[in-house]
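Given next are the chains, with one letter for each unit.
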Amino acid sequence: MASADQSRALEGTSTPPRPTKRYTGEVVYIYAFDTAYEMKRQPVRELLGQPVAQFVVDASKRSPRHLFFYRPQMVRLPPLERIGPHGPVRMERAIKLLPVGALSITVRVPFAVSHIEDLVCYHDLQFSNGSLHQEVRRLAEEVRQELQPYYIRPVASLAEEEAYTVFCLESPLVSEEGSPLSAESWLGGHRRSVASLLTQETDIAHLSKQEADESTGRFLSYYEHDLVVVDWDAALIIDERQNFDETLHVMELANLQLAELEAYDRLLDDALERAYRDLSARPTLRRSAILRELREIRIDLARFSDELSNITKFLGDWHLARIYENISARFHLADWHRTIDKKQQTLDDLYELLNHDQTNRWMLMLEVTIVLLFVVDLVILVLGIKWR
């Protein structure tokens, strides 16, 4: 009996302890789609069998009394059960509708892992029966079909979406010994791991220090326990669970703006190409129709740009405004605006050139008409003298 007890004790000491799940939270996948030129000014009451409500978010940090960002219509869909990389997961889905003809779909997948590196596989999330990307595309197509009566000039088919992945860790974070850590201190000790997570790099040692510093260079913190690290393709949020939504909404709006700017750029490319083609191929008598079309495009694009800019109105140095400023810099939204402004200026110059040419033609026709009238008047005068 003594030897049996000793063997059981040895077996107990030889079994390695199971790693504890030190990191819990959720991965939030944000997908932005351009679905139409714009939506009609009427509320959507129901979508996919679920009621549609106005999105509302409460700010936990110091912020203006009236928040300066747009609150779209939103619908929450029933959760789905899937088999993920670490076992069964429960997916929560939400859809937001914007009047500029944009659609945003967010999918939340909870996690509990031992190391930050374990989250790399969540970038391109695969299920036992397919991928998250395929499911979101199918869902976006269903929404587009159902919202056809509400759209003005809907797209013929969905273009490639603009996707963004946000890893949300619940705070407070603790060390391996169990002592609490401030978010900035934790980032200082796990900077390379965070960089590998944001860049989807499985081999941490292969990542250079320069890339690690660049990927994690844009971070903001308000309290000791919260942190936001923003990169081009993904972001990391460390905060209490109830405070995730306000930061996620800012990121979602920036992602929507990027998707709409890309659609805006495609619209301008098509307009310029069509204008060049029409001017070189159509006869002179059709130039008035081209001029009218260019004038309509200018008005439409001006209104589109104004509505897109009004989605976010962040003024001052508020925390959410600084987050938006950082993610805008990562998305190069200012560069997109400059590129589009140049193309719009080219379209304006083309319009002015054509308008000037059309005015010259009218002036020439007027002068010819005056000369003809003068000649007719002379002919009548001469013939009148002869008849006398």
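As a reminder, the structure under discussion sits directly above these lines.
Here the structure is a predicted model, which means the values were calculated and not measured.

What counts, and at which threshold
- Residues numbered from 1 in each chain as written.
- Predicted model: local features only at pLDDT ≥ 70, side-chain atom pairs only at ≥ 80, totals over all residues.
- Heavy atoms only, no water.
- 1 Å grid on protein atoms, 1.4 Å probe; cavity = no way out; pocket = protein on both sides within 12 Å on 5 of 7 lines; lining within 4 Å.
- Points joined across faces, edges and corners; volume = space filled by probe spheres on them.
- Helix = DSSP H or I, 4+ residues; strand = E, 2+ residues; numbered from the N terminus.
- Nonpolar A, V, L, I, M, F, W, Y, C, P; charged D, E, K, R; others polar.
- Salt bridge = Lys/Arg side-chain N within 4 Å of Asp/Glu carboxyl O.
- Buried < 20%, exposed > 50% of the residue type's maximum accessible area, 1.4 Å probe, protein only.
- Contact = heavy atoms within 4.5 Å.
- Polar contact = N/O pair within 3.5 Å; in protein donor to acceptor, adjacent residues only side chain to side chain.

Attention now moves to the layout of surface pockets. A volume near 240 Å³ is recorded for the largest pocket. For the largest pocket, the lining is made up of 12 residues, of which Asp-34, Tyr-37, Val-155, Ala-263 and Leu-267 are closest to its centre. Only β2 (36-39), β11 (151-154) and α6 (244-281) provide two or more residues apiece to the lining of the largest pocket. Broken down by element, the lining of the largest pocket gets its largest block of residues, 5 residues, from α6. For the lining of the largest pocket, the residue count by class is 8 nonpolar, no polar and 4 charged.

Once that is clear, we can look at the pattern of salt bridges. Taken as a whole, this structure holds 16 salt bridges when the rule is applied. Asp-265 is the salt-bridge partner of Lys-343, the closest N and O atoms lying 2.7 Å from each other. With Lys-343 in helix α9 (residues 333-387) and Asp-265 in helix α6, the pair connects residues that are 78 residues apart, well separated along the chain. Three or more residues joined by partner-sharing salt bridges are found here, namely Glu-26, Arg-108, Glu-170, Arg-241 and Asp-245.

This brings us to helix α4 (residues 191-199). By the burial criterion, the buried members of α4 are Ser-193, Val-194, Ala-195, Ser-196, Leu-197 and Leu-198. Contact partners of the buried residues in α4: β12 (162-170), α3 (183-189), α5 (209-215), β16 (227-230) and β17 (234-239). Positive backbone phi, approximately 60°, marks Gln-200, located one or two places after α4.

This part is about the side chain of Ser-196. Looking at where Ser-196 falls in the secondary structure, it is placed in helix α4. According to the relative accessible area criterion, Ser-196 is buried, its value standing at 0%. Polar contacts involving the side chain of Ser-196 include one to the main-chain carbonyl oxygen of Ser-193, which spans 2.7 Å. Filtering out sequence-adjacent residues up to four positions away, Ser-196 remains in contact with Val-120, Glu-201, Ile-204 and Leu-207.

Within the element layout of this structure, Asn-355 appears in helix α9. Exposure remark for Asn-355: the relative accessible area of 27% places this residue in the partly exposed category. Taking the C-alpha atoms as reference points, Asn-355 and Arg-295, separated by 60 residues in sequence, lie 9.8 Å from one another.

A word on the environment of Glu-142. Of note, Glu-142 is situated in helix α2 (residues 132-146). Overall, Glu-142 belongs to the partly exposed group, its relative accessible area being 46%. The spatial distance from the C-alpha of Glu-142 to the C-alpha of Leu-48 is 8.1 Å, given a sequence separation of 94 residues.

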